[in-house]
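# Residue-level structural notes
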Amino acid sequence: SINQSELSKVTLELQNLETPRPEATNYLRAHSRAGGSATRARSASPSSAERRNFISHNIKLINDYKPVRPPTPDPVIEDERDRREIEKRIGYVPKYLKERQKQWKNERTTRQNNIPDPEMPEGHRKMTERERQENLRNLEDNKRDLECQLVALPMTPDTLRLKQKRIQIEGKLIELDEAIRIFSRPKVFIKVDE
């Protein structure tokens, strides 16, 4: 569309170029419904308005036309406080997204925990880390107690009863060493009671 100031320039130029033409009034009289016998008279030489090349004039106007675009809407920062508030919000994660991230993390850990271990035999379950540590601690306490009992026995076994007691304690120590070795592994599977 043409700007208002350019439109008024065009109309001013056209008004300056227009001169009252007598043939126009005769034309109206001849062709009005009221009637009139005057016929249209053509002048021998074209007027200055007829000699003007309107096409080149319009092309020139279009080429000279520079559209005025409204400025792009930028956030209006009226004072320093508003600018600081906007800067604080940059990188801020909304509360609903934080909650959603927690939910995704919980779902991921639940999914990972529910994946069965490929090394686990059927009819067994993996012992939790807390259970494994607790059992390991109990086994080491029992081993210390048995070692104290073995040291408390006399060095020369005179009786059959002392010999049997020493063999019994040594057998239990061997069993405890094997159990400690098993519970020291990172994964321990125990049979599920049915």
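Here, the structure is the one placed above.
Residues numbered from 1 in each chain as written. Predicted model: local features only at pLDDT ≥ 70, side-chain atom pairs only at ≥ 80, totals over all residues. Heavy atoms only, no water.

The secondary structure content of the chain amounts to 8 helices and 2 strands. Across the 194 residues in the chain, those meeting the buried criterion constitute 9%. The contacts in the chain between residues at least 6 apart in sequence include a share of 67% that link residues at least 24 apart. Carbon and sulfur atoms provide 54% of the accessible area of the chain, an area that totals close to 17400 Å². (Helix = DSSP H or I, 4+ residues; strand = E, 2+ residues; numbered from the N terminus. Buried < 20%, exposed > 50% of the residue type's maximum accessible area, 1.4 Å probe, protein only. Contact = heavy atoms within 4.5 Å. Areas by Shrake-Rupley, 256 points an atom, 1.4 Å probe, with all protein chains shown as cover.)

As a packed pair, helix α7 (residues 129–152) and helix α8 (residues 160–183) sit with axes 9 Å apart at the nearest point and diverge in direction by 155°. Of the possible angle classes, the one that applies to α7 and α8 is roughly antiparallel. Pair α7 / α8 crosses with left-handed handedness. Together, R132, N135, L136, L139, E140, N142, K143, L146, E147, Q149 and L150 of α7 and R166, I169, E170, K172, L173, L176, D177, A179, I180 and F183 of α8 make up the contact between the two elements. When its residues are assigned to classes, the contact of α7 with α8 shows 10 nonpolar, 3 polar and 8 charged. (Axes fitted to C-alpha atoms, helices over the stretch in contact; angles between N-to-C directions. Parallel < 35°, antiparallel > 145°, perpendicular 65-115°, else oblique. Left-handed = near helix turned anticlockwise from the far one by under 90°. Nonpolar A, V, L, I, M, F, W, Y, C, P; charged D, E, K, R; others polar.)

Here we take up the environment of M127. Here M127 lies in the loop between β1 (124–126) and α7. Take M127: its relative accessible area is 8%, and that puts it in the buried class. Taking the C-alpha atoms as reference points, M127 and I190, separated by 63 residues in sequence, lie 6.5 Å from one another. Here M127 is in contact with R132, N135, F183, V188 and I190, once residues within four sequence places are set aside.

Side chains of V93, Y96 and L97 sit close together on the surface and give an oily, nonpolar patch of about 270 Å² of accessible area. With respect to the helices, strands and loops of the structure, Y96 is situated in helix α6 (residues 95–114). Taking the relative accessible area as the measure of exposure, Y96 reaches 57% and is therefore exposed. (Patch = residues over 30% accessible without salt bridge, like charges linked within 9 Å, V, L, I, M, F, W, Y side chains within 5 Å. Salt bridge = Lys/Arg side-chain N within 4 Å of Asp/Glu carboxyl O.)

Moving on to the nonpolar core. Grouped together as the largest cluster of nonpolar side chains are 13 residues, with contacts concentrated most on L139, L146, L150, I169, L173 and F183. Counting residues per element, the ones that place at least two in this core are α7 and α8. Among the elements that make up this core, the one with the highest residue count is α8 (6 residues). (Core = buried A, V, L, I, M, F, W, Y, C linked by side-chain atoms within 4.5 Å.)

Taken by themselves, the reported measurements are silent on function.
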